[in-house]
Amino acid sequence: MSSHSSIISTGAYLPERILTNEDLEKMVDTSNEWILSRTGIRERRIADKDEFTSDMGARAAEQAIQSADIDPKTIDLIIVATCTPDNVFPSTACYIQHKIGATRAAAFDIQAACSGFLYALVTADQFISGGVYRTILIIGTEKLSSIVNWQDRNTCVLFGDGAGAVILQSRPGVRGLLAYDLGADGAQTEILSIPAGGCRLPITPEALDQQLQYLQMSGKEVFKCAVTAMNRSAETCLEKAGCKPEHLRWIIPHQANFRIVDAVAQRLNVSMEHFVINLDRYGNTSAACMPICLHETAMAGKLDRGDLLLMVAFGGGLTWASVVLEW
Ligand code: ACO
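Calculation criteria
Residues numbered from 1 in each chain as written. Predicted model: local features only at pLDDT ≥ 70, side-chain atom pairs only at ≥ 80, totals over all residues. Heavy atoms only, no water. Near = heavy atom within 4 Å. Polar contact = N/O pair within 3.5 Å; in protein donor to acceptor, adjacent residues only side chain to side chain. Helix = DSSP H or I, 4+ residues; strand = E, 2+ residues; numbered from the N terminus. Nonpolar A, V, L, I, M, F, W, Y, C, P; charged D, E, K, R; others polar. Domains from an automatic or database assignment. Pairing = 2+ DSSP bridges. Axes fitted to C-alpha atoms, helices over the stretch in contact; angles between N-to-C directions. Buried area = accessible area lost by both parts, 1.4 Å probe. Disulfide = S-S within 2.5 Å. Buried < 20%, exposed > 50% of the residue type's maximum accessible area, 1.4 Å probe, protein only.

Peer 1: Would you take a moment to explain the site of the ligand for this structure?
Peer 2: In the region of the ligand, 25 residues are neighbours, and T30, R38, C114, K220 and N257 sit closest. At 3.4 Å from an oxygen atom of the ligand is found a side-chain nitrogen or oxygen belonging to W34. Separating an oxygen atom of the ligand from a side-chain N or O atom of R38 is a distance of 2.8 Å. The set of elements that each furnish at least two residues to the shell around the ligand consists of helix 2 (32-39), helix 6 (153-156), helix 8 (219-241) and helix 9 (258-268). Per element, the largest residue contribution to the shell around the ligand is 4 residues, and it comes from helix 8. When the residues that make up the shell around the ligand are grouped by side-chain class, the tally is 11 nonpolar, 9 polar and 5 charged. When we break the shell around the ligand down by domain, the ones giving at least three residues each are domain 1 (6-169) and domain 2 (177-326).

Peer 1: Explain the sheet that holds strand 7 (residues 161-169) here, please?
Peer 2: The 5 strands are arranged 1-7-6-4-5 in an open sheet whose pairing can be described as mixed. One side of each edge strand has no neighbouring strand; the edge strands of this open sheet are strand 1 (6-13) and strand 5 (106-110). The mean inter-strand angle of the sheet, taken between neighbouring strand axes irrespective of direction, is 20 degrees. Bridge analysis of strand 4 (residues 77-81) against strand 5 gives 5 bridges, and the strand direction is parallel.

Peer 1: How should the domain arrangement of the chain be read in this particular structure?
Peer 2: In terms of domain boundaries, the chain breaks down into domain 1 (6-169) and domain 2 (177-326). Look at where the C-alpha atoms of domain 1 and domain 2 centre, and you get two points 14 Å apart. Of the roughly 3,700 Å² buried where domain 1 meets domain 2, counting both sides, 66% is carbon and sulfur surface. Taken as a group, C114, L118 and Y119 account for 17% of the area that domain 1 buries against domain 2, more than any other trio of residues on that side. Our count for the contact surface shared by domain 1 and domain 2 stands at 20 residue pairs in polar contact (both at pLDDT 80 or more). Looking at the side of domain 1 that touches domain 2, the elements with two or more residues in it are strand 1, helix 2, strand 3 (43-45), helix 5 (116-129), strand 6 (136-143), helix 6 and strand 7.

Peer 1: Even after reading the chapter, I still don't get the state of the cysteines, so can you show me in this structure?
Peer 2: In a disulfide, the sulfur atoms of two cysteines are held together by a covalent bond. All chains considered together, the criterion is met by 0 disulfides. Free of any disulfide, C83 has its nearest neighbouring cysteine sulfur in C114, separated by 6.2 Å.

Peer 1: Hey, could you run me through unusual backbone geometry in this one?
Peer 2: Glycine aside, negative phi is the norm for most residues, and most peptide bonds take the trans geometry. Note the cis peptide between F89 and P90, where omega equals 5 degrees. With phi around 50 degrees, A113 is a residue other than glycine that occupies positive phi space. Among the structural elements, A113 can be located in the loop between strand 5 and helix 5. A relative accessible area of 12% places A113 in the buried class.

Peer 1: Can you walk me through the pairing of strand 11 (residues 250-253) in this structure?
Peer 2: Regular strands place side chains that alternate from one sheet face to the opposite one. Here strand 11 shows two buried faces, one formed by W250 and I252 and the other by I251 and P253. Sheet topology places strand 11 next to strand 12 (residues 308-315); 4 bridges connect them, and they run parallel. Looking across to strand 12, one finds that I252 is bridged to M311.

This is the structure in structure tokens:
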């Protein structure tokens, strides 16, 4: 057996267009004060009409490839985490494989909503630690603006578009991914979903009339489940890694709501100084949150060899996931 996988490089792409809370005040009955105090979000990025999930993912991937200084043709596998794919099929991973010229790579998507990037990371680690593949590209990329109802103030203020990517390899002397915890609760599918567009409820004129092609969410329920599941998953993962919260340099939480992060910080008894936060600038970018945070932390020179990180996510499904890794 080879050793576990390490992140050898990162990349990110955020669309240029910024949509501020003040802009949203002109679109729905809301206020900067409400959005900021309830969520911590100030602004988010919105992709162009003809800029797709695969385009953003490819841009982030190219940056990670360049930073790792590898030939795209040496990539063995591409895993894309997204809940806003270009199409139902083919996979967004196949579009990206072509765009970046990774002609040797196998490619598939993973759908675990906001937990998707960590599900992908853990899946990739199985291939690397099992000795099946040497180099894997993982991308979290989302065009959430395409599934948000821009007339629904309960949801449209929360989300943004963007992409992040990492390259995984096994590196001598680096322990890499140390432990993980993945979970799901399929009894609660209805509190966060897009009802129409699959075989359960195809897009019909009636479905469109009821706007069922858009994301629907019971915010309060999701909030409560998120705090409980993220906290439990983080504790399980830390225990598996044999490490305590005080050993961590950074905790990268899912970037849904500052109040959720604050509640998790309190329960773990870790100061907010150790939490990476960018939701104020990008909102919730679902599966793209984690790799964007990782990239920004690495680019800011805030990650040194040997640092321990905890990443913890929560999303529709319901799904949750935690990973402890050594940088
Ligand atoms: N502007 C002004 N008022 C608003 C807005 C808005 N944008 N949105 C809702 N309100 C109103 C509501 O209508 C409600 O009014 P009412 O009392 O007259 O009915 C009032 O504000 C309070 O609403 P609450 O739901 O109690 O607000 P809460 O404090 O719970 O915050 C929020 C709402 C921000 C959605 C919060 O519940 C939350 O963050 N939930 C979690 C969301 C999340 O984590 N999603 C992640 C998963 S996404 C994925 O997996 C793709």
